Each structure stands twice: as C-alpha cells, then as structure tokens.
Amino acid sequence: GTVPKGGNRSTSTKTVELKIMGGTDTMQLPTMICTRVSEVRELLAERLLLEPESISFYYKAGTYVRQQLDFQEIQAKTLVKGIRSFKPEAHSWPHPIGIIGSGYNGIKTGISYLKDGNSNIVLFDRNERVGGYCWITGANKTSKLQTEFGSFHVWWGPDIYDSGKCGGYPNCYTGGSWNIWPGKQEILKHFQYAAEEFGLLPHIRFQCNISALDVVGAKDAESRYYNLTVDSLTGGETSNVACSVLFNYPGSLTKNRIIDYPGEEAFEGEIRYGMNDDTPYEKLKGTDVAILGNGAFAVENARTCIESGTSKVYIVTRRKNLASPRIPCWFVHQGPVPTPGAFVLRMFEPMYELCGMGDPWKYWSVHTNAERTNVNIIQNSRFGIGDVTFLMVAWGRLEFVEDTLKRCSRHTLHLTGGRKLTGVTVILKALGLLGDFAVDNLHGMTEIVGNFCAGDWRRVLSIDATGMNAANFSTFSTGIGTTGFVAMYKFLYDFPREFYKIQGMGLMSQLPRHKADAKLDKPAYLTDVKFAMSSSIIIEAMCPKIGFLTQRFGEYKYTMYHSAHGLDRTLEVCRGEWDKYQAEWREQGFEHEYVPYPYTRERMEGYFKSWGELMKIPLSADGPPKPAG
C-alpha cells in the first residue's frame, strides 16, 4: 500500500478474522497493523482465483454495517461480500462439460469432475460399455498390460486416493483384487469398477456417434456453446446436446497402415494384421511366423505367437527399437522424481547382455556423450515392455532381422538385403496405425494449437501421443500423464480467469501448431510426444499454479507402488513367469540350458543405493517407512 505523506506505517502484527457476510465460514489471516483493505483484497482474490473487483469488505460499527475503503487499514473483524467459501470455487458453465469417449482418458476426466462434486457432465461413446477403442476393439484377446497395474489403474492419483473410492491403493499380492500385469478382460473389468464406484455410468450416452458440431455464439462469449448432433447407433432418434466445454478423446490411432507387398498372392499362407483379433491363433502352433514392424504391438504379437505354440518368430524391422525389461519399468514408476535415461540404460544392461540383445547404448535411438552420463532416447514408438521378449531371443525362438521386405513367394520372405526367410507360413503386419480425418472434420479444423482444436481453448483434445523423446523418465505408462493432463485443463475450465491471464500474456502465439497433411495421411490432431510435452510445459510455465496440482505425485507414486506391488512381490512374479516359460518350452520339445533371471534382490538394492546417491534423495528397496502402529 501507499505510505501516507508525512507518516510511517506500523510493522506490528495482528490477526484479522474474515467472515463471509451472511454465512458462518471464517478465516484467520495474519497481517500487520498497517495492512490495507486493497492488499487483503488482492491476496484473497489470488487465493480464491477471483477478480479482485468481485470482493468487498465491511465491518460492524454498533448497529450499522459500513463498507471498508481500499486505503483504510483492514479491521480486526471483517465481513467479506462476494464469495461463498474461503476455498476456490469452480466456475459454473451454462451447459454441461462434454467428454467425447469413455476409454481411459474419458473415465479419468469424468471421475475427476464427480470427485469434486460437479455432476454437470455428459460423456459420449460408440461402444456399449466403458473401455474405449484401444481395449475393447484394438486389443487382441491375448493382450496384456505391458506396464504394471500400479502405473495404469484409472483411479491413479493422490486426490482420488484421498476420496477413499476404489479401495485406495490397488492390491496386487496373492489373494488381492488385481494382477500386476492383467489381461484384456481384467483391464475392462477395472474400468467398469471405477465407473461404478464414482457413479459415472448414468452420465454416459453409449452406442452413439457425434456426427456434427456447431459453434453457437461469439468467440469470446462465456455463453458460447457447442451444439452436438448425436446419432444413435441402435436405431434410436438423433438428438442435439449443448456443451460449454469439450474434452475430446478420439483414441489416437485406429486404422491399420495398409501396405501390400509384391508376391503376397503367391505366399500360400496367412497374411494378417496383428490387432483387432485378426491373428489366426488356431494356425500358429508349430509354425514359423514373420512380424513386420517393431513397435510395442509387434513385441506383444511375438509373445502371443510363442504362447500359441509357434516354433520361431522373426521380427522384420528397418531399425531395431529399444525394448524394456519389466524391472527397470517398475523402478521408474516407483521413483519419486524422474529417473535419468543413463540410469535406465544401465538397468537394461544385465538383461541385454544375458540374452544376446546387444549393447543398449548402441541402439540407433540412443543419443549420448562419450562418458555415457547424459542420454536422450528418441524413437518413433514407445518401448515394448516385457521379459519374455528377451527370453525368446536367448532361446533362439525370436530373431530381430534388421531389413525390409522386398517381395514374397511361397512360404518365403525375400528381404531387400538379399536374405530369404524360408518356411514361414504366417505373416503378421504391425506396420503402424493411422489417424482418422473424421476427427479433424468434426471440429472443422486444419490445425491444432497446443491441445486446442482449431485454437479454441474450450475444445481440448488428447491422444496417446506417438513416439518417445526423453532424457529423464517419470513413466512408461499413461496413468501419470493423463492425470496431469486432466488436472491442468480441468483447472483452467474451473477457473477461467487463470486462462484469460495467460491468454493475455500471449499463450496462443507460444504454443506449437500442427497442420493436417493429407499427402502423408496425417490429420492435424495426430501429434507426437514432443509436441504434447511442449504444450504442457508452456502452459505450466505461464501459469505456475498448475504446478501445485501435481506436487504430491512423487510421494504418492513411491508410496503407492511399494504398497500395490513392492519389490519382493514384483520380483516373485517376474521370476515365476520367467521360469514357467522355460519349463513349458522344454515340455514342448525345445532344448536350451536354463537362463537365470538377471534381476535379484541384491542387484536391486544396489540400484536403489546408486539412485539415491545420484539424485541426492534417500530411496529404499522396501519403500517409505511404514506408519507407526
């Protein structure tokens, strides 16, 4: 405040009691004797995320109530007008919050609103149940979660844990409710469980399709809304639904990249695509299979083939991507802060060396210095995660062939480098997936600005962004990223004043832009992980309050992971499955010396010690200390 001319302001302190006018809520505010009304107004507005002009202050003078003026010292007992609570109160939009899709992201968004007491939401989905395209349609019947359940469960996050819903931390011990690496049906069960626990199902319109979206109202008007044309997929009537805000979750990649090779008609075997249960499971036993591609889906298909009795699998790929064993993935997910890429690669080394997978530091996607102290990993797909990939290589049942397919002949793949893969009777294509221009068309957009459709901040879109570009790793999974995404944009919609601030600071000119490219068959919404990371970093840098939304994540993930499936339990399951595969393969007639599991309790304790010394943060293989009693 301004010091009156010719006077001094007192630095003595006092406590001011603020009470909501007409209510009972009070707040004790430490101040100085000389603190002025204008200063308290600014402080309270900042805390409650309101415009200062909306708050006014009064005091009782006998039987009268008088307004306090900005230049006056704040009264010891002050009535506050213009607020209903001393906690930030979310903005109330004229129409519901719309959520397109009830897969992982849609469920997470819906339960986040319901957890905070906002039931004015509506979800739309083409399916007849929750789960989304990825797990209902895209996943094969043999698909399994590659990351651990602790990192994936849809009720991930300290705020949801505080709600007491879904039983708190998942229990993945013997006799518990969940497996560490569940299959497709268990994943779908967990989606349904969360939706029921939070009362989400009544807010979902299943078996419908949004065929049109009209923007009604002026661009910057709060009353602007989106008129959605909603078609029934079961023969019902078309309806219109107005939404003030739209979360869009189109499922990212939903169409196979179709590539036909010369000579396919002469192959005289099965040529399929490795998703949507297109795999000829009944014809895999005793065969040799070639998988084209090396993304996470290709690695999963290799496991499926071996579990179905295939004799030998070839993964034919232009460049061999890094794969992750299970234990380094678990270690990253339990860490309270991101784990440096160099540390991750050192954890890869025992598995790579044991199984003849080469030096992980020399893979094409690894960019490092001579001392191998700094690493950036850049590749077009995520890690394929699983121990059995390495075990198959060690036993000679999986071979990575760095080449491309030139043509086919009967049961033979002729490769560009001259090699022939003979005796192959099944080809599975896992050549990548494409986006759908229908998403762009629905929003009438040719570019996306950050995560905003056509630069419209009230239409936010998120996909499982493609690729990897990282020097430090917080996660290999979706739980952390999706929780942070929903928290960020829900915050901006709950407190639009915060968005208007950063908009005025030039946000839209700072965000990355991605235009559609029809020649490359790439819609505007189909962005990579670097684009997604840049968008989030820019918004959080311009609105530091968003950082407070995730400040408990580190402690939460460390505590939750060691509760859900601690080190000993995780090693037990990993080692048990590792040994079971080898026993089954021997029973099937395959011969190979026993391969010991490379990760032991002793080795892991060494990693924990090294990580703690490197990061200057104490880390225990047994997790955080257990509460007394």
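What comes next is a walk through the structure. (Residues numbered from 1 in each chain as written. Predicted model: local features only at pLDDT ≥ 70, side-chain atom pairs only at ≥ 80, totals over all residues. Heavy atoms only, no water.)

Focus on unusual backbone geometry
Here comes step 1: For His411, which is not a glycine, the phi torsion comes out positive at approximately 55 degrees.
Here comes step 2: Its location among the elements puts His411 in the loop between β23 (405–409) and β24 (412–415).
Here comes step 3: The phi dihedral of Lys616 is positive, around 60 degrees, even though this residue is not glycine.
Here comes step 4: Here Lys616 lies in the segment after α19 (601–615).
Here comes step 5: Classification of Lys616 by relative accessible area gives exposed; the value is 68%. (Helix = DSSP H or I, 4+ residues; strand = E, 2+ residues; numbered from the N terminus. Buried < 20%, exposed > 50% of the residue type's maximum accessible area, 1.4 Å probe, protein only.)

A look at the environment of Ile448
Here comes step 1: Checked against the element boundaries, Ile448 lands in strand β28 (residues 447–449).
Here comes step 2: Taking the relative accessible area as the measure of exposure, Ile448 reaches 2% and is therefore buried.
Here comes step 3: Placed 278 residues apart in sequence, Ile448 and Pro170 show a C-alpha to C-alpha distance of 37 Å.

Description of the pairing of strand β12 (residues 245–248)
Here comes step 1: Neither face of β12 is left uncovered, since the one carrying Val245 and Phe247 and the one carrying Leu246 and Asn248 both have all their residues buried.
Here comes step 2: Relative to β12, strand β6 (residues 97–100) runs parallel, the two sharing four bridges. Across the sheet, the residue bridging to Gly98 is Leu246, located in β12.
Here comes step 3: Bridge count for β12 against strand β30 (residues 459–461) is three bridges, and the pairing is parallel. In the strand pairing of β30, Asn248 is matched with Leu461. (Pairing = 2+ DSSP bridges.)

What to know about the nonpolar core
Soluble globular proteins tend to pack their nonpolar side chains together in the buried interior.
Here comes step 1: Phe452 and Met604 are the most contacted members of the largest nonpolar core, which has 130 residues in total.
Here comes step 2: When residues in this core are grouped by element, the largest group, nine residues, is from helix α9 (residues 341–355).
Here comes step 3: Leu44, Leu48, Ile55 and Phe86 belong to the second largest nonpolar core, which has 16 residues in total. (Core = buried A, V, L, I, M, F, W, Y, C linked by side-chain atoms within 4.5 Å.)

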